[in-house]
Amino acid sequence: MHEYCKEDTVEFVAERIERLLAETKADIEARISALETRLTWRLCAFWIGRAAFFYGLVKVFLAE
């Protein structure tokens, strides 16, 4: 009887740990995905700003 309870307990704890790991993995993947999206938009905004700045700079120097 004691062995049966011990096996059930170990099995229960193992299942709980697996579930928690899966939840944590899903949470981390969601956060990384959100971070990638923000970084992509910031990178695009940075390069658009750079291009606009250099376009204006060239326009000023060629106008004179």
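Residues numbered from 1 in each chain as written. Predicted model: local features only at pLDDT ≥ 70, side-chain atom pairs only at ≥ 80, totals over all residues. Heavy atoms only, no water.

K.L.:
An account of a nonpolar patch on the surface is needed here, citing residue identities and associated values.
P.N.:
Together, F12, V13, I17 and L21 make up a nonpolar patch on the protein surface, roughly 400 Å² of accessible area in all. One can find V13 in helix α1 (residues 2–63). On the basis of relative accessible area, V13 is assigned to the partly exposed category, the value being 40%. (Patch = residues over 30% accessible without salt bridge, like charges linked within 9 Å, V, L, I, M, F, W, Y side chains within 5 Å. Areas by Shrake-Rupley, 256 points an atom, 1.4 Å probe, with all protein chains shown as cover. Salt bridge = Lys/Arg side-chain N within 4 Å of Asp/Glu carboxyl O. Helix = DSSP H or I, 4+ residues; strand = E, 2+ residues; numbered from the N terminus. Buried < 20%, exposed > 50% of the residue type's maximum accessible area, 1.4 Å probe, protein only.)

K.L.:
Would you mind going over the packing of aromatic side chains in detail, with residue names and values included?
P.N.:
Summed over all chains, the structure comprises two aromatic pairs. Arranged with centres 5.1 Å apart and planes meeting at 75°, the rings of F46 and W47 form a pair that is edge-to-face. F46 gets classed as partly exposed once you look at its relative accessible area, which sits at 40%. Among the residues examined, W47 registers a relative accessible area of 53% and is labelled exposed. Consider the rings of F53 and F54, whose centres lie 5.3 Å apart with planes at 70°: the pair is edge-to-face. On the basis of relative accessible area, F54 is assigned to the partly exposed category, the value being 41%. (Phe/Tyr/Trp six-rings, centres within 6.5 Å; stacked < 30°, edge-to-face > 60°.)

K.L.:
Describe the pattern of salt bridges, naming the residues involved and giving the relevant values.
P.N.:
Inspection of every chain in the model, using the stated rule, returns two salt bridges. Linking R19 and E23 is a salt bridge whose minimum nitrogen-to-oxygen distance equals 3.9 Å. Of this pair, R19 and E23 both sit in helix α1, four residues apart, which is roughly one turn of that helix. For R19, a relative accessible area of 47% puts it in the partly exposed group.

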